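Each chain, written out:
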Amino acid sequence: MALRHEAEFLYELLNDPFNHQDSKEQVKRLAKKYGLRLYEAENVWSFYKQNQGSAKLCRGLPCTLKQNGSEKEVLRKLDDEGLEEIPCLGHCDNGPVAWSKGKYYHIGNGSAEELVPHIARPGIKEVHDLKDFLSMRGFEILINVIKKDRKDESLQLVKDFNLRGFGGSGFPAYVKWNAVFISRETEKYLLVNAHEGEPGTFKDRILIESNPYDLIEASLLAAVIVGASNVIIALKHEYLEAESILKGAFDSSVEYLSGALGLLEIPKMMIQRVPGYYITGEESALMEAIEGRRSEPRLRPPYPAEVGLYGKPTLIDNVETLLYFLGRLREFTETGIKGPGEKLYCLSGDVERPGAYSLPYGISSGILIAQKGGSKVSELKAVLPGGLSGGILPAGNGDLKLDFDSVKDAGAGMGTGALIAISKDRCMVDVMRTVESFFEMESCGKCMPCRYGTKELSKLFRDLSEGTATIGAIESAKKTADVMTRGSICGLGQASAKMFLDSIKYFSGEMEKHISGDCPSKVCFQGGV
Ligand SMILES: Cc1cc2nc3c(=O)[nH]c(=O)nc-3n(C[C@H](O)[C@H](O)[C@H](O)COP(=O)(O)O)c2cc1C
Ligand code: SF4
């Protein structure tokens, strides 16, 4: 599988990410090398410029909640070669987090402490050796499906298990898998989405780092079932450790499978770190980035299952969706049970023990927060059950079942299963100021409702926290949010609107108090109203 010239240009440029002093010269040189016009090369590079930053400070909500304002200074002392603020770095349980020259740091108490690249976590099995994987019957399902040609049967199980996407949308997997399966095109792709940019979500990195063999089997299995001859595992640009662990497991896996399958072929696989930001996790924006263009969402239809990567039918699934299917299939093969399994919930924000916890699908928010997070639900004001895309709910009494349908019935979205807890001491205006400024900075600007709407919502919360907002501004923002919900090209604009509308729905009292110059949590108006 070869990359397009545009992508080769981009990846070579960004693979020397710690030396951005002479970027313009590099762009010229590489444009010439790959036969690109300078304006084309600069157009692409200008989108990904921040990826060249040497030092990066996370501006995702879980990290921001823990910041005290000294982080940039600390980071500059560690690395003074250019500091960028970038969206979620994928270590939300260790906030505030920064990244410098390929290493992650926790920034606290005025100093930077390097994070151990990969730590084992309770309840998550670590498998780092092919022999261990094989002794746990690893690759058995894949080999069986290939040798006995059980594609149709396996596809039916995707439907029977009611498999839904854990990348944020909860979309029924069978619909996409079947569309790619029935396509008559001979060249098809599987794109494994490991770009993981949703603030509060860090499960895919942990899943890959703890057992890379599982993802290799799960991805090849999905590709075989839908008839994709090419697999691309697209990792977040900063996930160097996950890339190295995955690549380390790859060669021995292929060697083993070639021996076990003889002349029967397996799909080709490419493991690729892909530059970009929060928006790049959106499936069509991810395809653009892989093809070496600006990572802006495509208009749909056509959907990726019809016209995807390089114009070919493409199945795009999140890492955990594929792993969950493999896990269900293993259990079904052994026990005949088609019921739900465990999912990796991410917990961050105002809890004692933020972390990633493997729990039965549909566990209650109370068990996650209290038993795993070590905090009392009664001390929380709100929960964001699906990171920044699923909206906000009052914390309630902890009986919210964390499954797609229950969270939807409660008026929010489960998203990736990333719960961010907000303490009673927090000011919701302050929280929303961070949220909406995040969306403003992450909006790619391709469509007007989001380009202008995120700016208006961000300004509203800035004004509220500074005591200059009016009731009229809130009413106007509601109209804007409606347009964003109906008219945004991708989920980013809709998520921004949903967060605003929920904050108004449940916390209008706090908003109104800010208009009359009172911040009940004594957080805002630091400069005086
Ligand atoms: C702004 C935005 C960011 C997204 N980021 C991710 C991401 O980082 N990882 C992911 O798997 N899906 C992400 N998605 C969802 C993808 O577009 C897509 O639905 C998903 O990869 C499909 O896989 P699934 O059906 O297995 O969930 C994002 C969506 C939006 C709108
Ligand atoms: S909704 Fe926002 S992020 Fe998505 S395409 Fe439109 S401008 Fe870009």
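Above this note sits the structure.
Notes on the structure follow. (Residues numbered from 1 in each chain as written. Chains lettered and ligands numbered in written order. Predicted model: local features only at pLDDT ≥ 70, side-chain atom pairs only at ≥ 80, totals over all residues.)

Turning next to the overall build of the protein. A tally of helices and strands in the protein yields 20 helices and 14 strands. For 529 residues, the compact-globule estimate of 2.2 N^0.38 gives 24 Å, and the protein sits close to it at 23 Å. Overall, the protein is about 75 × 60 × 45 Å in size when its C-alpha atoms are taken along their principal axes. Scored against the burial criterion, the 529 residues of the protein give a buried share of 50%. Taking all contacts inside the protein whose residues are at least 6 apart in sequence as the whole, residues at least 24 apart take part in 71%. (Helix = DSSP H or I, 4+ residues; strand = E, 2+ residues; numbered from the N terminus. Rg over C-alpha atoms; globule rule 2.2 N^0.38 Å. Buried ≥ 20, exposed ≤ 12 C-beta atoms within 10 Å, placed from the backbone. Contact = placed C-beta atoms within 7 Å.)

Turning our attention to the sheet that holds strand β11 (residues 355-360). Strand order in the open sheet formed by five strands is β11-β10-β14-β12-β13, and the pairing between neighbours is mixed. Both outer strands of the open sheet, β11 and β13 (393-394), are each paired with one neighbouring strand and no more. Examined bridge by bridge, strand β12 (residues 380-384) and strand β14 (residues 418-423) share four bridges and lie antiparallel to one another. Looking at β14, one finds that Ala-382 is bridged to Ile-422. (Pairing = 2+ DSSP bridges.)

For the rest of this paragraph, the subject is helix α7 (residues 140-147). Restricting attention to buried positions, one finds in α7 the residues Ile-141, Leu-142 and Ile-146. Viewed along the axis of α7, the buried residues span an arc of 125°, placing them on a single side of the element. Packing partners of the buried residues in α7 comprise α11 (212-226), α12 (240-261) and α14 (319-335). Asp-149 lies just past α7 and shows a positive phi near 45°. (Arc of directions from axis to C-beta.)

As far as function goes, none of this settles anything; it's purely spatial.
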